[in-house]
Amino acid sequence: MVIGLHHVGRSVVDLDAAAADLAAMTSWPIEKFGRGEDPLVAGREVSASARASGPNGWIELVQVGGEPSPRRGVNEPGVTHAAIQVGEINDVVARLDASGIDRHPGPVELGTGFHYLYVRDVEQLVTEVEGAPHAPADLEPWLGHGAIATPDIDRLRTAYEGFLGANATNTVRVRNHPVFDRGAALDDVDVTATWVPTPNAPVEMWQYHSPATGTNPGVAFEHPGAGHLAFETDDIDADLHRADVAGFEPRDEVADFDGVQVARVVDPDGNWVELLRFTDTADPRSLRSRPDLDRVARVNALLHGDE
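A short tour of the structure in this document, coming up. (Residues numbered from 1 in each chain as written. Predicted model: local features only at pLDDT ≥ 70, side-chain atom pairs only at ≥ 80, totals over all residues. Heavy atoms only, no water.)

The next point concerns the pattern of salt bridges. The full count for this structure, using the stated rule, is 20 salt bridges. Its salt-bridge partner being Asp38, residue Arg51 comes within 2.7 Å of it at the nearest N-O pair. In this pair, Arg51 sits in strand β3 (residues 48-54) while Asp38 sits in the loop between β2 (30-34) and β3, placing the two residues 13 residues apart along the sequence. Glu274 is the partner of Arg264 in a salt bridge, and the nearest nitrogen-oxygen pair spans 2.9 Å. A residue pair is termed long-range when its members are at least 10 positions apart, and Arg264 in strand β16 (residues 260-266) and Glu274 in strand β17 (residues 272-278) qualify at ten residues. Of the two residues, Arg264 and Glu274, both sit in the buried class. (Salt bridge = Lys/Arg side-chain N within 4 Å of Asp/Glu carboxyl O. Helix = DSSP H or I, 4+ residues; strand = E, 2+ residues; numbered from the N terminus. Buried < 20%, exposed > 50% of the residue type's maximum accessible area, 1.4 Å probe, protein only.)

Here it is as structure tokens:
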């Protein structure tokens, strides 16, 4: 069974610079690993890695060779971003501006109860900051979701529902919304969004009808700018079978190193997906070690007056 979204990962060329920007965005502690030190990247050609630790999950950076990828619009296909949520978004905006980190216009309000801001790191990769004014202002930021842009949201939603064993919680369409256009830094947006939950954070999916999301070229894990989603499981063989039935394709055989089993597949769009199983349920690298796995659900309950 999938325990939750363990981390959202990105492949970067300058790990130190990208990690510094990520620290400014999240204020989370970041642990760095040299070549061969990190079992979570076993089987891939990466020279170093880093993970920022939030109360309910991680954001991972893996260092690869080559040149940084060109700036991509948030409508372009692939794993587009990780999102953090925070009670007081203006504190994050102040840190970003003090650090000189690039960001889209905003924060913007779309009538959902949240405030939204897309932030660009040194390699122009996106992290979304969502302000939750209904949450206690002193809460440290938490992992909100991992996001994918897809040319076929119905197909991808069905695949993740089958893999994760959960139905999408909501599907919305946004168009003729100048404030949304401003926050996305795109013109005349027409987009459908949906969310497939896991116990700690959902997978968010977007299909931009205008400007249209194209076909995912299916880049290598080590391609600069490539993203991936990692899910923790308590039964890696069973969840690999579930992924296969749902239309995911195997890529890396199960590697077993330093108390962690790691396997990789690609979803029907060609996005990289990792499955992780920790031998020791008390392993500090496991989601079970996180102090507040229910943070997203509790904050959403506050928004809807359920607490």
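Our next topic: the sheet that holds β2. Backbone hydrogen bonds hold the strands of a sheet together, and the pairing may be parallel or antiparallel. Sheet architecture is open: eight strands sit in the order β2-β3-β4-β1-β14-β17-β16-β15, paired in mixed fashion. Each end of this open sheet is capped by a strand with a single partner; those strands are β2 and β15 (249-257). The average undirected angle you get between the axes of adjacent strands in this sheet is 20°. Across six bridges, strand β1 (residues 2-12) lies against strand β4 (residues 57-63) in parallel orientation. Each bridged residue has a counterpart across the sheet, and for His7 the counterpart in β4 is Trp58. In the packing of helix α3 (residues 153-164) onto the sheet, contacts are made with β1, β14 (227-233) and β17, and the angle to β14 comes to roughly 25°. This element, helix α5 (residues 236-245), spans β1, β14, β15, β16 and β17 of the sheet and lies at about 5° to β16. (Pairing = 2+ DSSP bridges. Axes fitted to C-alpha atoms, helices over the stretch in contact; angles between N-to-C directions. Contact = heavy atoms within 4.5 Å.)

At their nearest, the axes of α3 and α5 sit 8 Å apart, and the two run at 155° to each other. Classified by the angle their axes make, α3 and α5 are roughly antiparallel. Pair α3 / α5 crosses with right-handed handedness. Between α3, through Gly162, Phe163 and Leu164, and α5, the contact on the second element is made entirely by Asp239, Arg242 and Ala243. (Parallel < 35°, antiparallel > 145°, perpendicular 65-115°, else oblique. Left-handed = near helix turned anticlockwise from the far one by under 90°.)

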